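Commentary on secondary and tertiary structure
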Amino acid sequence: SSQYEKVLQEYSEAIRGMELNQQLSDLAEKMLRLEQTGFATGEADFDDVLDWKRKQLTYRLELEKAKTKARDSLYEIQFLTGR
């Protein structure tokens, strides 16, 4: 049915969102560590550290939203297929 296809598409998009935000979160974590080191050695300012921390938290939040959307879509798929 078209509802099943819609939910399957939402699930697929959520999985892609999970993968993307995990990669971005990992990258932001690395950049945050670099900025913290730079701050400790006087090569970066505190605003740079805060900026990367904000980015990291944003990507983590988006990752959790994508996980929730994937779970919701999976439950709906199971409901639609009677499993």
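You'll find the structure just up there.
Report on the accompanying structure. Model, not experiment: these values are computed from the prediction. (Residues numbered from 1 in each chain as written. Predicted model: local features only at pLDDT ≥ 70, side-chain atom pairs only at ≥ 80, totals over all residues. Heavy atoms only, no water.)

A few words now on the overall build of the chain. The number of helices and strands found in the chain is 2 helices and 0 strands. Taken over C-alpha atoms, the radius of gyration comes to 18 Å for the chain, far larger than the 12 Å a tight globule of 83 residues would show. By its C-alpha atoms, the chain is 60 × 15 × 15 Å across when sized along the principal axes. For the chain, the proportion of contacts with a sequence separation of at least 24, taken over those separated by at least 6, is 74%. Just so you have it, the chain exposes about 6000 Å², and 54% of that area is on carbon and sulfur atoms. (Helix = DSSP H or I, 4+ residues; strand = E, 2+ residues; numbered from the N terminus. Rg over C-alpha atoms; globule rule 2.2 N^0.38 Å. Contact = heavy atoms within 4.5 Å. Areas by Shrake-Rupley, 256 points an atom, 1.4 Å probe, with all protein chains shown as cover.)

In total, this model carries 1 aromatic pair according to the counting rule given. Centroid distance Phe 39 to Phe 46: 5.5 Å. Interplanar angle 55°. Geometry classified as tilted. (Phe/Tyr/Trp six-rings, centres within 6.5 Å; stacked < 30°, edge-to-face > 60°.)

Moving on, we get to helix H2 (residues 46-81). Under the 1.5 Å per step criterion, the end-to-end length of H2 is 52 Å for 36 residues, consistent within 8% with the ideal 52 Å. Buried residues along H2 sit against helix H1 (2-40). For H2, the N-terminal capping position is held by Asp 45, with its side-chain oxygen 3.2 Å away from the main-chain nitrogen of Asp 47. Following H2 by one or two positions, Gly 82 adopts a phi angle in the positive range, close to 75°. (Expected span 1.5 Å × (residues − 1). Polar contact = N/O pair within 3.5 Å; in protein donor to acceptor, adjacent residues only side chain to side chain.)

Moving on, we come to the side chain of Ser 73. Within the fold, Ser 73 resides in helix H2. Residue Ser 73 is classed as buried on the basis of its relative accessible area, which comes to 2%. Discounting chain neighbours no more than four positions away, the residues touching Ser 73 are Val 7, Glu 10 and Tyr 11. (Buried < 20%, exposed > 50% of the residue type's maximum accessible area, 1.4 Å probe, protein only.)

Attention now goes to the packing of H1 against H2. Closest axis-to-axis distance for the H1/H2 pair is 7 Å, and the angle between their directions is 160°. Compared by their axis directions, H1 and H2 come out roughly antiparallel. Considering only the axes of H1 and H2, their crossing is left-handed. Among the residues forming the contact of H1 with H2, the class breakdown is 22 nonpolar, 9 polar and 11 charged. (Axes fitted to C-alpha atoms, helices over the stretch in contact; angles between N-to-C directions. Parallel < 35°, antiparallel > 145°, perpendicular 65-115°, else oblique. Left-handed = near helix turned anticlockwise from the far one by under 90°. Nonpolar A, V, L, I, M, F, W, Y, C, P; charged D, E, K, R; others polar.)

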